[in-house]
Amino acid sequence: MTVSARKVSIGYGDQLIIKDLSLEIRKGAITTIIGPNGCGKSTLLKTIARVQQPKDGAIYLDGKAIHKEPKKEIAKRMAILPQNPEAPNGLTVRELVSYGRFPHQRGFGRLKKEDKDAVDRALSMTNTLDFAEKPVESLSGGQRQRAWIAMALAQETDLLILDEPTTFLDMAHQLDILKLLKQLNIEEQRTIVMVIHDLNLAARFSDYMIAMNSGTLIAEGTYRDIMTKDTLRKVFDIDAYIVNDPQYHRPVCLTYDTAGDHQEFKRNVSV
């Protein structure tokens, strides 16, 4: 499955967020989109997932413009986890995960055996079986995020799109979620596209990175292509000090300062 954007312009009302953007999502890879707040990351994800309609250009899935394809057919091929999803009070984890089977059902029929099997597989893959009968609102942040990922997995799509899946999670739970996604990518061959704010986590868990600023594609490439002083300055207007992580052998932003201010900072500290 290949996903590409060709000369896409996206906006809300008269405000244009992204203008004339083209890119391609690599099949079978984990791709992370990075950039400052308000640069268009989430808007791009929503458009790829067919939640947002482009003003110009198109998003293509295997060569077909997705906004011209039936929604249910697209939902069989890609699943999206938005920012801060909410479930109705009293809904159990199993019930939530079963919603992922909707694209595969006709009308409002009951779950068939194949649907129940898909739900059980998703619960097992995300280690959520132990609390499958608990209400979603009773879970911790990390458990809740796993439940939502399980729902996306129950759709049995080749493509997973996640908008800030680690938001509001502590460091340990962030790692748990990202390790789970990496495992799904390797063992299930899922193509994963996500937005992450933490640059070091993005570099550690991504195969490919897309850097944006002000609705424009600044750079794209491997984690080593993007995690450079020059690229991070263009994207975030910072001077970053990049080192190699001795354990995972990935680039790490050790420290940074506002672009052009680090020399002044050194002089003030040394006084």
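Before reading further, recall that the structure is shown in the block above.
Because the structure is a prediction, the values reported are computed rather than measured.

1. Here's the deal with the overall build of the protein chain
- Looking only at helices and strands, the protein chain has ten helices and twelve strands in total.
- Compactness check: the protein chain gives a C-alpha radius of gyration of 20 Å against a globular reference of 18 Å for 271 residues, within 12% of the reference.
- In the protein chain, buried positions account for 49% of the 271 residues.
- Pairs at least 24 apart in sequence give 63% of the contacts found in the protein chain among residues at least 6 apart.
- On the protein chain, roughly 14,100 Å² of surface is accessible, and the fraction owed to carbon and sulfur atoms is 49%.
- Of the charged side chains in the protein chain, 37 are positive and 35 negative, and the gap between their average positions amounts to 5 Å.

2. Some points on the sheet that holds strand β8 (residues 191–195)
- Taking strand neighbours across the sheet as the criterion, the six strands line up as β6-β7-β8-β3-β9-β10 in an open arrangement whose pairing is mixed. Where the open sheet ends on each side, the last strands, each with one partner, are β6 (78–81) and β10 (216–222). Within this sheet the neighbouring strands show an average axis-to-axis angle of 15°, counted without direction.
- In terms of strand pairing, strand β3 (residues 30–34) meets strand β9 (residues 208–213) through four bridges, oriented parallel. Opposite T32, over in β9, you have M209 as the bridge partner.
- Against the sheet, helix α1 (residues 41–48) touches β3, β6, β7 (159–163), β8 and β9, its axis set at about 150° to β7.
- Lying over the sheet, helix α5 (residues 141–154) contacts β6 and β7, oriented at roughly 160° with respect to β6.

3. Focus: the layout of surface pockets
- Estimates place the volume of the largest pocket at around 390 Å³.
- Along the walls of the largest pocket sit 15 residues, with K71, A75, M78, I80 and Q155 positioned nearest its centre.
- Looking at the lining of the largest pocket, the elements that each hand over two or more residues are α2 (71–75) and β6.
- The element that contributes the greatest number of residues to the lining of the largest pocket is α2, accounting for four residues.

4. As for the environment of E69
- Positionally, E69 belongs in the loop between β5 (64–65) and α2.
- Classification of E69 as partly exposed rests on a relative accessible area of 24%.
- Distance from E69 to L199, taken between C-alpha atoms, is 35 Å for residues 130 residues apart in sequence.
- Those residues within four positions of E69 in sequence are excluded, and the remaining contacts are R50, K64 and I74.

5. So, the sheet that holds strand β1 (residues 3–12)
- In spatial order, the strands read β2-β1-β4-β5; together these four strands make up an open sheet with antiparallel pairing. For this open sheet the edge positions go to β2 (15–25) and β5, each flanked by a neighbour on one side alone.
- Pairing of β1 with β2, which is carried by seven bridges, proceeds in the antiparallel orientation. Its bridge partner lying in β2, I10 is registered against I18.
- Against the sheet, α1 touches β1, β2 and β4 (56–61), its axis set at about 120° to β1.

6. Comments concerning the pattern of salt bridges
- Tallied over the full model, the rule gives twelve salt bridges.
- Between E73 and K76 there is a salt bridge, with its nearest N and O atoms 3.4 Å apart.
- One salt bridge in this structure joins R94 and D120, with 2.8 Å as the shortest N-O distance. Placement of the pair is R94 in helix α3 (residues 93–98) and D120 in helix α4 (residues 113–125), with a sequence separation of 26 residues.
- On the basis of relative accessible area, R94 is assigned to the partly exposed category, the value being 28%.
- By relative accessible area, D120 is classed as partly exposed at 33%.
- It is possible to trace a salt-bridge network through shared partners that takes in R101, D115, R121 and E156.

Cut-off values and rules
Residues numbered from 1 in each chain as written. Predicted model: local features only at pLDDT ≥ 70, side-chain atom pairs only at ≥ 80, totals over all residues. Heavy atoms only, no water. Helix = DSSP H or I, 4+ residues; strand = E, 2+ residues; numbered from the N terminus. Rg over C-alpha atoms; globule rule 2.2 N^0.38 Å. Buried < 20%, exposed > 50% of the residue type's maximum accessible area, 1.4 Å probe, protein only. Contact = heavy atoms within 4.5 Å. Areas by Shrake-Rupley, 256 points an atom, 1.4 Å probe, with all protein chains shown as cover. Lys, Arg positive; Asp, Glu negative; His and termini not counted. Charge placed at Lys NZ, Arg CZ, Asp CG, Glu CD. Pairing = 2+ DSSP bridges. Axes fitted to C-alpha atoms, helices over the stretch in contact; angles between N-to-C directions. 1 Å grid on protein atoms, 1.4 Å probe; cavity = no way out; pocket = protein on both sides within 12 Å on 5 of 7 lines; lining within 4 Å. Points joined across faces, edges and corners; volume = space filled by probe spheres on them. Salt bridge = Lys/Arg side-chain N within 4 Å of Asp/Glu carboxyl O.

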